[in-house]
Amino acid sequence: NFDEPVDRSQNRSAKYDERVKNFGTDDVIPLWIADMDFKTAQPIIDACKKKAEEGIWGYTSRPDSYFKAYADWQERRNGWKLDPSLCSWSLGVVPALAGIIKLFTQKGEKVLIQPPVYPEFFDITENTGRTLVQNNFLERDGVWEVDFEDFEKQAKDPEVKLFILCNPHNPLGRVWTKEELERMLTICFENDVLVVSDEIHSDLIFHGKKHTPAVLAAPGADKKVITCISVTKTFNLAGLQASTTVFPCLEMKKKFDSYWGGMDIHRNNAFSSVAMEAALNEGEEWLEQLLEYISGNLDYIKEYFDTRIPLIRANIPDATYLVWLDCRKLNLTDQELKEFMIKKAGLGLNPGSDFTRALSGFMRLNAACPRATLEKALGQLERAVNELAH
């Protein structure tokens, strides 16, 4: 029952507990961090309960069934027959990406990203001493597309060694077509640019669209692309910290495993081990129900903005539960827009400026919450916009 409200104020939730830190007040509806206000699938809860009742949570082994569950999931849902022997565990996709940048590029070399994009892509690149290169999307009347002319120009720079592909894209919610992916990958392959595909949102697809794993998008891609996947976003398990990285060869996998092993970071915790397998093996029915519910939320958001808050354009995603809001018609600076959302609308959203250094006037809204929460939030926003307009 996704309509059932869940009180998260007492469960050590970053989404709620970090409101004062991020917004200066806890008097906002938190629709920011990519974290759903829904209980996870019952089989996962049951598996974790069983583990809790054992009462022994020592060092946890990772059975062969763990990566096999990922392989079976990908084959069922995306037609990708990945090789479990090429899979590595990591604490999360962002730590995995940071490790890959460190291991397969040198300080001062360039990493290519496509803003507006997940803010950590900026941070992990610059924090590792690499140079950031941006292929900004082209936007025409609310439609966002790759600037392929610029992409090819950037990739031809011999200092560009790695491209982080967001597939599907956060925050734009783009599900890339096979043709778009093939064109980006081919350009990278022709210029010896390593491709890392972040596919953490690949289970959250709507409107009849179909996810294409990057490894299936171009001839030979399975021998050249690193893929980062996890079901932590899919089943709201991010607090259990686990992701899988699929490498094109054993040599790269061993280098990655050795890097983390050197810090003694190489085991799931006792609960993530059983939770991930339960999700992959028994969570599909819950996921299908979730997708239907979130799709309804997105339809509600689109109609609400179109009819009642036309000054803000809601970019309804085909993937992810994150809505990119174009607030430029409000004529506010980024700082004014953030303060408007907090103080006038009572909403805690992600500032668009976190995702881009080239655009102003955007916000990101998390739609993965009970419908009643959205109704309250959008009502508050409508009143605030009407007051501003008058």
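The following paragraphs examine the structure supplied in this document. (Residues numbered from 1 in each chain as written. Predicted model: local features only at pLDDT ≥ 70, side-chain atom pairs only at ≥ 80, totals over all residues. Heavy atoms only, no water.)

1. Topic: the nonpolar core
Moving on, step 1. Ranked by internal contacts, the top residues of the largest apolar core, which has 101 residues, are F235, I301, I312, L325, M341, L365 and L381.
Moving on, step 2. Each residue touching L365, except ones within four places of it in the same chain, is listed here: L31, I301, Y321, L322, V323, L325, L349, L374 and L378.
Moving on, step 3. Formed by 28 residues, the second largest nonpolar core is a distinct cluster that contains F104, V117, F121 and I226. (Core = buried A, V, L, I, M, F, W, Y, C linked by side-chain atoms within 4.5 Å. Buried < 20%, exposed > 50% of the residue type's maximum accessible area, 1.4 Å probe, protein only. Contact = heavy atoms within 4.5 Å.)

2. Things to note about the packing of aromatic side chains
Moving on, step 1. Counted according to the given criterion, the structure contains 20 aromatic pairs.
Moving on, step 2. When the centroid spacing of 5.5 Å and the interplanar angle of 40° are considered together, the rings of F2 and Y293 count as tilted. Highlighted residues: F2 in the segment before α1 (14-17) and Y293 in helix α11 (residues 284-308), separated in sequence by 291 residues. By the burial criterion, F2 is buried, and Y293 matches it.
Moving on, step 3. Consider the rings of F151 and F163, whose centres lie 5.0 Å apart with planes at 80°: the pair is edge-to-face. Residue F151 is found in helix α7 (residues 148-155), and its partner F163 is found in strand β7 (residues 160-166); the two are separated by twelve residues along the sequence. In terms of burial, F151 and F163 fall into one category: buried.
Moving on, step 4. In this arrangement the basic side chain of R183 is found over the ring face of F148, its NZ or CZ atom lying 4.0 Å from the centre.
Moving on, step 5. In this structure, K224 packs its charged tip against the face of F189, placed 4.7 Å from the ring centre. (Phe/Tyr/Trp six-rings, centres within 6.5 Å; stacked < 30°, edge-to-face > 60°. Helix = DSSP H or I, 4+ residues; strand = E, 2+ residues; numbered from the N terminus. Lys NZ or Arg CZ within 6 Å of the ring centre and 35° of its normal.)

3. Quick notes on the sheet that holds strand β15 (residues 362-366)
Moving on, step 1. If you walk across this open sheet you meet the four strands as β11-β12-β15-β14, and the pairing is antiparallel. Edge positions in the open sheet fall to β11 (313-315) and β14 (350-351), since each of these has one partner strand only.
Moving on, step 2. Looking at chain direction, β14 and β15 are connected through two bridges and run antiparallel. Paired with N350 across the strands is R364, a residue of β15.
Moving on, step 3. Sitting on the sheet, α11 is in contact with β11, β12 (322-326) and β15, with an inclination near 10° to β12. (Pairing = 2+ DSSP bridges. Axes fitted to C-alpha atoms, helices over the stretch in contact; angles between N-to-C directions.)

4. Overview of the side chain of T60
Moving on, step 1. Here T60 lies in the loop between α3 (42-54) and α4 (64-78).
Moving on, step 2. A relative accessible area of 15% places T60 in the buried class.
Moving on, step 3. At 3.1 Å, the side chain of T60 and the backbone oxygen of G58 are in polar contact. (Polar contact = N/O pair within 3.5 Å; in protein donor to acceptor, adjacent residues only side chain to side chain.)

5. Let's talk about the side chain of T234
Moving on, step 1. Considering the arrangement of structural elements, one finds T234 in the loop between β9 (225-229) and β10 (243-246).
Moving on, step 2. Taking the relative accessible area as the measure of exposure, T234 reaches 0% and is therefore buried.
Moving on, step 3. What T234 contacts, discounting residues up to four positions off in sequence, is M36, I200, D203, L204, W286, L287 and L290.

6. Here's the deal with the sheet that holds strand β8 (residues 194-198)
Picture the strands of a sheet paired through backbone hydrogen bonds; they go either parallel or antiparallel.
Moving on, step 1. What the seven strands build is an open sheet, ordered β2-β10-β9-β8-β7-β3-β4; its pairing is mixed. Edge positions in the open sheet fall to β2 (87-90) and β4 (131-134), since each of these has one partner strand only. Recorded for the sheet is a direction-independent mean angle of 25° between the axes of neighbouring strands.
Moving on, step 2. Bridging between strand β3 (residues 110-113) and β7 involves three bridges; their strand directions are parallel. Among the inter-strand pairings, V111 is bridged to a residue of β7, identified as L162.
Moving on, step 3. Where helix α5 (residues 93-104) meets the sheet, it contacts β2, β3, β7, β8, β9 and β10, and its direction lies at approximately 160° from that of β9.

7. Quick notes on α3
Moving on, step 1. The terminal C-alpha atoms of α3 lie 19 Å apart, and with 13 residues this matches the ideal 18 Å at 1.5 Å per residue to within 8%.
Moving on, step 2. All of the buried residues along α3 are I44, A47, C48 and K51. The buried residues of α3 occupy an angular sector of 95° when the element is viewed end-on, so they sit on one face. Exposed and facing more than 90 degrees away from the buried side of α3 are K50 and E53.
Moving on, step 3. Tucked into the core, α3 has its buried residues touching α10 (270-282). (Expected span 1.5 Å × (residues − 1). Arc of directions from axis to C-beta.)

That is the geometry; function is a separate question.
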